Every structure is written in structure tokens, then in C-alpha cells.
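Each chain, written out:
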Amino acid sequence: MAVPLVQEAELLAALRAGQEVAFETLVRTHSGQMLSVCRRILRNEEEAKDAVQEAFVSAFRGIQTFAGTARLGTWLHRIAVNASLMKLRSRKRRPEESIDDLLPGFQEDGHARIQPRDWSPSAPQLVETRETREFVRGCIDQLPETYRVVLLLRDIEELDTAEAAEVLGVSDGVVKVRLHRARHALRTLLAARFGERASS
Amino acid sequence: MMSCREVYGFLDEFLESRLDDLTKVAFAAHLLLCPACRNYLATYRATLLAAREAEWADCPPTEIPEELIAAILASRTAAVQNAGDHQC
Ligand SMILES: [Zn+2]
Ligand SMILES: [Zn+2]
């Protein structure tokens, strides 16, 4: 999917000039990547397709102001993330469950309540087959929404803390705390598969 | 001595090499003496890798349906025409 820089500069010039064929090239080159981003965030095929379409509408509008310092792919990736988040926000909100039960507990003296086993040598099994990968994705889906989203943005879509904070409209500190909790909680969920009992 | 609880709290900073020197030393010393935290660190890392792999593997940049491409391009044409209308 990597387009050489020279071609990208030409494409950008053609886009700014409003050439029809350039828009089609842009859509054909990047829409697949954008659809997978929207699918990961929305977990719903119809909404993901809508989000891609909405993302391109904002991209077409923004192409004149696109600074050209970032790669087109990176810029579109960000727009797809934003379009997906907008869709998420428009969903009917259920009251969010607490993540506390999934976080490691500690005794007075600072020791963990559960002695963790090292199941990391078996961890590759988690991603070996489609079925096990589905299990992992299912665990991610079990995270309360605000935590799931931060984990996706930071660890899967690879936004940095400041970028994630910006698209979510929260502070860097909030992103860090949510990411931290989301990772611990996901670990708890995966550990259960290896016989480590969940904390209570 | 750093507690296990503190070690858990510093995991992200550790993984991103953002611990200051003093904390780094205390963190390493704790890990050396505490197999439980070593286990936790190893599985914490494994969790992050598994999440990434699971999300990326079955969701590659795919062929996109022609109807969607057509719809996207049509929405641009509509937007251009609308903009044109306003200019008149
Ligand atoms: Zn991406
Ligand atoms: Zn420890």
C-alpha cells in the first residue's frame, strides 16, 4: 500500500486541481485500509462502510488545506479514525460497566492478590488460528467502551498519546490512565484462558 | 524497595523506556528478586502482542466493494455540485 513519494506528490497536485481520475485513484488506493480501520473500531460492517464514505467526504473537503507534510495514507487513517469515533458517539449509550473487577488487586503490603503464572510461552496459541484470534478480539470487546477505544487507538492504530488525546477530546493523562487500565484488564481476560483465576 | 503494586503501575513507562534512572534501577532490582512480577511483565507484554496480532491478522486492507467506491465518488460529485450551486 506504500505509494512512492513522487507519485504521491503528483497525486496530491492532481487532487488539488480537482481531477476526477485522481479522486478515484485516491479512493482505490486507500479505501481498503480505511475500511479495516473503521471495522476494528466499530465492529459493524454497515457502520464501517458508512464511516469510510463519511471519511472520504471530509477528505475531499479537506484536500485543499492538507499540508502535505504527512503522508496521504497517514492523513486518511486519521480521518477514518475520526469518522469512526463520530459514529461511536452517535450510538445509543448504555451505562458503562466498571473495569475495576478486571484490574489486579493488591494486599496491604503491596503484593498482588493473585500470583501470576507465566503463560507467555503459550501466548502465541492465542493468535494461531482464526478461532483463537476471535477469542482475543472478543476479550477486547469485553472492555468497557472508553477503555476499548483507547486500547485500539494506542496499541492497534498506533496513535501516540497526544494524538489519541486530541481525537478523543481528553487530556494526555486521561489517555495514559485508560490505556494502562485497559491493558491490565485485557491481560486478566486472556489469563483466564490459561487457568489464572480472575481477581474478585 | 519498590512494591509489586508500584511495579505494575510503572509497566507502561518501562515498556516505553520512559522511567527515570533511579526508578529504572529500583524497577530492575525488584524484577530480579520477584518472580511473580517477572511473570506479570512477561504476560503483560504477551497481551499487547496478542491484541495487535489478533486485530491485524484477519482485518487486512481488503478489496473494497465496487458499490462502495461508486458511492464515495458519487458523494464527492454531489458535494462539488452543491458547492457550485452556492457560488452562483
Ligand atoms: Zn492503520
Ligand atoms: Zn513483585
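The structure presented is a predicted model; accordingly, all values stated were derived computationally and were not measured.

**As for the packing of aromatic side chains**
For any pair of aromatic rings, the description rests on two quantities: the centre-to-centre distance and the angle between the ring planes.
Consideration 1: A complete count under the given rule lists eight aromatic pairs over all chains for this structure.
Consideration 2: Geometrically, the ring pair formed by A:Phe66 and A:Trp75 is tilted, given 4.5 Å between the ring centres and 35 degrees between the ring planes.
Consideration 3: In this structure A:Trp75 comes out as buried when scored by relative accessible area, which is 17%.
Consideration 4: Ring centres of B:Phe14 and B:Phe27 lie 4.5 Å apart, and the angle between their planes is 20 degrees; on these two criteria the pair is classed as stacked. A residue pair is termed long-range when its members are at least 10 positions apart, and B:Phe14 in helix 1 (residues 4-15) and B:Phe27 in helix 2 (residues 21-33) qualify at 13 residues.
Consideration 5: Overall, B:Phe14 belongs to the partly exposed group, its relative accessible area being 25%.
Consideration 6: An aromatic cluster of at least three residues, connected via ring pairs, comprises A:Phe106, B:Tyr8, B:Tyr40 and B:Tyr44.

**Some details on the packing of helix 5 (residues 130-142) of chain A against helix 8 (residues 172-193) of chain A**
Residues and elements named next belong to chain A.
Consideration 1: As a packed pair, helix 5 and helix 8 sit with axes 9 Å apart at the nearest point and diverge in direction by 140 degrees. Accordingly, the angle class assigned to the pair helix 5 and helix 8 is oblique. Where helix 5 crosses over helix 8, the handedness of that crossing is right-handed. For the pair helix 5 and helix 8, contact is made by Glu131, Thr132, Phe135, Val136, Cys139, Ile140 and Gln142 and by Leu186, Leu189, Leu190 and Arg193, respectively.
Consideration 2: Residues of the contact of helix 5 with helix 8, tallied by class, amount to seven nonpolar, two polar and two charged.

**Notes on helix 1 of chain B**
Consideration 1: In a regular helix each residue adds 1.5 Å, so twelve residues correspond to 16 Å; helix 1 of chain B covers 16 Å between its end C-alpha atoms and thus fits that length.
Consideration 2: Every buried residue belonging to helix 1 of chain B is among B:Cys4, B:Val7, B:Tyr8, B:Leu11 and B:Asp12, and all of these are buried. Projection of helix 1 of chain B onto a plane perpendicular to its axis shows the buried side chains occupying an angular sector of 150 degrees, all on one side.
Consideration 3: For helix 1 of chain B, the secondary structure elements touched by its buried residues are helix 8 of chain A together with helix 2 and helix 3 (35-57) of chain B.
Consideration 4: B:Ser17 lies just past helix 1 of chain B and shows a positive phi near 50 degrees.

**A closer look at the coordination of the zinc ion (ligand 2)**
All names here are of chain B.
Consideration 1: Ligation of the zinc ion (ligand 2) by protein atoms is provided by Cys4 (SG), His30 (NE2), Cys34 (SG) and Cys37 (SG), these donors lying 2.0 to 2.3 Å from the ion.
Consideration 2: In this structure, the zinc ion (ligand 2) is surrounded by four donor atoms whose angles at the metal cover 103 to 112 degrees, and the resulting shape is tetrahedral.
Consideration 3: Every donor residue of the zinc ion (ligand 2) comes from the same chain, spaced as C-x25-H-x3-C-x2-C.

**Looking at the domain arrangement of chain A**
All names here are of chain A.
Consideration 1: For chain A, the assigned domains are domain 1 (5-90) and domain 2 (100-194).
Consideration 2: Across the contact, eleven residues belong to domain 1 and 14 residues belong to domain 2.
Consideration 3: Between domain 1 and domain 2, roughly 1000 Å² of surface is buried when both sides are summed, and carbon and sulfur atoms account for 55% of that area.
Consideration 4: Joining domain 1 to domain 2, the criterion identifies three salt bridges.
Consideration 5: Residue Asp141 pairs with Arg43 through a salt bridge whose shortest N-O separation is 2.6 Å.
Consideration 6: Counting residues per element, the ones that place at least two in the side of domain 1 that touches domain 2 are helix 2 (20-42) and helix 4 (72-90).
Consideration 7: In terms of residue class, the side of domain 1 that touches domain 2 is made up of five nonpolar, two polar and four charged.

**Brief notes about the packing of helix 4 of chain A against helix 7 (residues 161-168) of chain A**
All names here are of chain A.
Consideration 1: Two numbers describe how helix 4 lies on helix 7: the axes approach to 10 Å, and their chain directions differ by 40 degrees. It follows from the interaxial angle that helix 4 and helix 7 lie oblique. For helix 4 against helix 7, the interelement crossing comes out right-handed. Listed contacts from helix 7 to Arg78, Asn82, Leu85 and Arg89 of helix 4 are Glu163, Val167 and Leu168.
Consideration 2: Residues belonging to the contact of helix 4 with helix 7 are distributed by class as follows: three nonpolar, one polar and three charged.

**Here's the deal with the interface of chain A and chain B**
Consideration 1: Facing the 52 residues of chain A at the interface are 42 residues of chain B.
Consideration 2: Buried surface at the junction of chain A and chain B, both sides included, amounts to about 4400 Å², of which 62% is carbon and sulfur.
Consideration 3: The largest share of the area that chain A buries against chain B comes from A:Phe106, A:Arg183 and A:Arg187, three residues that together contribute 13% of it.
Consideration 4: At the surface where chain A touches chain B, the tally comes to six salt bridges.
Consideration 5: A salt bridge links B:Glu16 to A:Arg154, with the nearest nitrogen and oxygen atoms 3.3 Å apart.
Consideration 6: Where chain A packs against chain B, one counts 18 residue pairs in polar contact (both at pLDDT 80 or more).
Consideration 7: Broken down by secondary-structure element, the contributors of at least two residues to the side of chain A that touches chain B are helix 2, helix 3 (45-62), helix 5, helix 6 (145-156) and helix 8 of chain A.
Consideration 8: Among the elements that line the side of chain A that touches chain B, the one with the most residues is helix 2 of chain A, at twelve residues.
Consideration 9: Here the side of chain A that touches chain B is built from residues that sort into 22 nonpolar, twelve polar and 18 charged.

What counts, and where the lines are drawn
- Residues numbered from 1 in each chain as written.
- Chains lettered and ligands numbered in written order.
- Predicted model: local features only at pLDDT ≥ 70, side-chain atom pairs only at ≥ 80, totals over all residues.
- Heavy atoms only, no water.
- Phe/Tyr/Trp six-rings, centres within 6.5 Å; stacked < 30°, edge-to-face > 60°.
- Buried < 20%, exposed > 50% of the residue type's maximum accessible area, 1.4 Å probe, protein only.
- Helix = DSSP H or I, 4+ residues; strand = E, 2+ residues; numbered from the N terminus.
- Axes fitted to C-alpha atoms, helices over the stretch in contact; angles between N-to-C directions.
- Parallel < 35°, antiparallel > 145°, perpendicular 65-115°, else oblique.
- Left-handed = near helix turned anticlockwise from the far one by under 90°.
- Contact = heavy atoms within 4.5 Å.
- Nonpolar A, V, L, I, M, F, W, Y, C, P; charged D, E, K, R; others polar.
- Expected span 1.5 Å × (residues − 1).
- Arc of directions from axis to C-beta.
- Donors = N, O, S within 2.8 Å, 3.2 Å for Na, K, Ca; no water.
- Tetrahedral: all angles 85-135°; square planar, octahedral: opposite > 155°, others 65-115°.
- Domains from an automatic or database assignment.
- Buried area = accessible area lost by both parts, 1.4 Å probe.
- Salt bridge = Lys/Arg side-chain N within 4 Å of Asp/Glu carboxyl O.
- Polar contact = N/O pair within 3.5 Å; in protein donor to acceptor, adjacent residues only side chain to side chain.

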